[in-house]
Amino acid sequence: MSTCFNCERQVQPPSVSWCGQSDCAAVARAKYKAQFDKRHVELLAQEAMARGDLETHLRRVGVPMERVQNLRATSEGFQSMEAARSFIRLRQKLLLILIGPPGVGKTVAAATVVKDACERWPWNSQATGQLAEPAAFMPASQLTSLSSFEHVDQERLRYLRRVPLLVLDEAGEEATQYGRGLLMTLLSERHAAGRRSVVTSNLTVEAFRERYGTALLDRVKGDGVMPDLSGQKSLRRTERPES
């Protein structure tokens, strides 16, 4: 003998956990519906909060807090920002690569693309109760810690492959060959699936090509945007924000 998990009646095999009585089933359905409705209301409330506070949503998708704050202070005329706006405007382009020395606005430009994606995302204008994210912003160095064997990491990798917009910040900081290979694989799979990606790097163009090969840079010719930032003056020298 055992007890029904829902109404606590005594039950016998083959009904080892549920009595099967109609009144018990009705109670179970009502209970699960109440739980579902409660979760749905919670999701709608979270969406409403995010719609009213874009900065909160930017931080939630991974944009560092200081970059969110710097979006308000970024000056016009810097090539990295102009490239970001071109990428935003040219919706058919799949890849934005920002390669240049520190302090030329690369990360803030990438955050600007994420901001646009968040503003355009359907749930920003209509509640859905689904909390699907429009973008993911991730330091490239974190790829090294993702394992292809751990369930949580597998889910994270699946998310990075499928999210509509992915930003990998500071490519070249991956500490292992595995991390470097994962970056290249992610970008290749996303490009094949028609999903947009942004890559920033402090490497020189030559060092970037040596590290990742020519295929990644070749994609920019037809499907991407890559400004020449080699001669750009650092924003830090004029006390501007960025990395």
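This write-up is about the structure you can find in this document. Owing to the predicted nature of the structure, the values given are computational and were not obtained by experimental measurement.

## Points about unusual backbone geometry
Its identity is not glycine, yet E170 carries a phi of approximately 60°, on the positive side. Checked against the element boundaries, E170 lands in the loop between strand 5 (165–169) and helix 7 (177–192). Note on E170: relative accessible area 27%, which makes it partly exposed.

## Thoughts on the sheet that holds strand 6 (residues 196–201)
Pairing is parallel across the open sheet formed by five strands, whose spatial order is 4-5-6-3-7. Taken across any chain shown, the strands that pair with only one partner, and hence form the sheet edges, are strand 4 (135–139) and strand 7 (224–225). Pairing geometry for strand 5 and strand 6, over four bridges, is parallel. Its bridge partner lying in strand 6, L166 is registered against S197. Sheet strands touched by helix 9 (residues 214–223): strand 3 (95–99) and strand 7. Its angle to strand 3, the strand with the most contacts, is close to 125°.

## Things to note about the packing of aromatic side chains
Per the counting criterion, the structure on display carries one aromatic pair. Pairing F208 with Y212 gives two aromatic rings, centres 4.8 Å apart and planes at 55°, and the pair type is tilted. Taken together, the positions of F208 and Y212, both in helix 8 (residues 205–212) and four residues apart, correspond to about one turn of that helix. Here F208 and Y212 have matching classes, each one buried. Sitting above the plane of the F87 ring, R196 keeps its charged end 3.8 Å from the centroid.

## Here we look at the pattern of salt bridges
Under the criterion given, the structure shown has seven salt bridges. Close ionic contact of D116 with R91 constitutes a salt bridge, the shortest N to O distance being 3.3 Å. Of the two residues, D116 sits in helix 5 (residues 106–120) while R91 sits in the loop between helix 4 (79–89) and strand 3, which places them 25 residues apart along the sequence. For D116, a relative accessible area of 14% corresponds to the buried category. Between K221 and D218 there is a salt bridge; the shortest N-O distance is 3.5 Å. Taken together, the residues K221 and D218, both in helix 9 and three residues apart, mark about one turn of the helix. Here the salt bridges do not stand alone but share partners, grouping R91, D116 and R120 into one network.

## Remarks on the environment of L90
The residue L90 is located in the loop between helix 4 and strand 3 in this model. Distance in space between the C-alpha atoms of L90 and G224 is 9.2 Å, their sequence separation being 134 residues.

## Digging into the nonpolar core
Core analysis: the largest hydrophobic core is formed by 26 residues, its most contacted members being V63, F87, L96, V113, V114, L165 and V198. In terms of residue count, helix 5 provides more of this core than any other element does, eight residues in total. Among all residues touching V198, those that are not within four sequence positions of it are F87, L96, A110, V113, L165, L166, V167 and L168. Among the nonpolar cores identified, the runner-up in size contains 24 residues, and L95, L143, L166 and L168 belong to it.

What counts and what doesn't
- Residues numbered from 1 in each chain as written.
- Predicted model: local features only at pLDDT ≥ 70, side-chain atom pairs only at ≥ 80, totals over all residues.
- Heavy atoms only, no water.
- Helix = DSSP H or I, 4+ residues; strand = E, 2+ residues; numbered from the N terminus.
- Buried < 20%, exposed > 50% of the residue type's maximum accessible area, 1.4 Å probe, protein only.
- Pairing = 2+ DSSP bridges.
- Contact = heavy atoms within 4.5 Å.
- Axes fitted to C-alpha atoms, helices over the stretch in contact; angles between N-to-C directions.
- Phe/Tyr/Trp six-rings, centres within 6.5 Å; stacked < 30°, edge-to-face > 60°.
- Lys NZ or Arg CZ within 6 Å of the ring centre and 35° of its normal.
- Salt bridge = Lys/Arg side-chain N within 4 Å of Asp/Glu carboxyl O.
- Core = buried A, V, L, I, M, F, W, Y, C linked by side-chain atoms within 4.5 Å.

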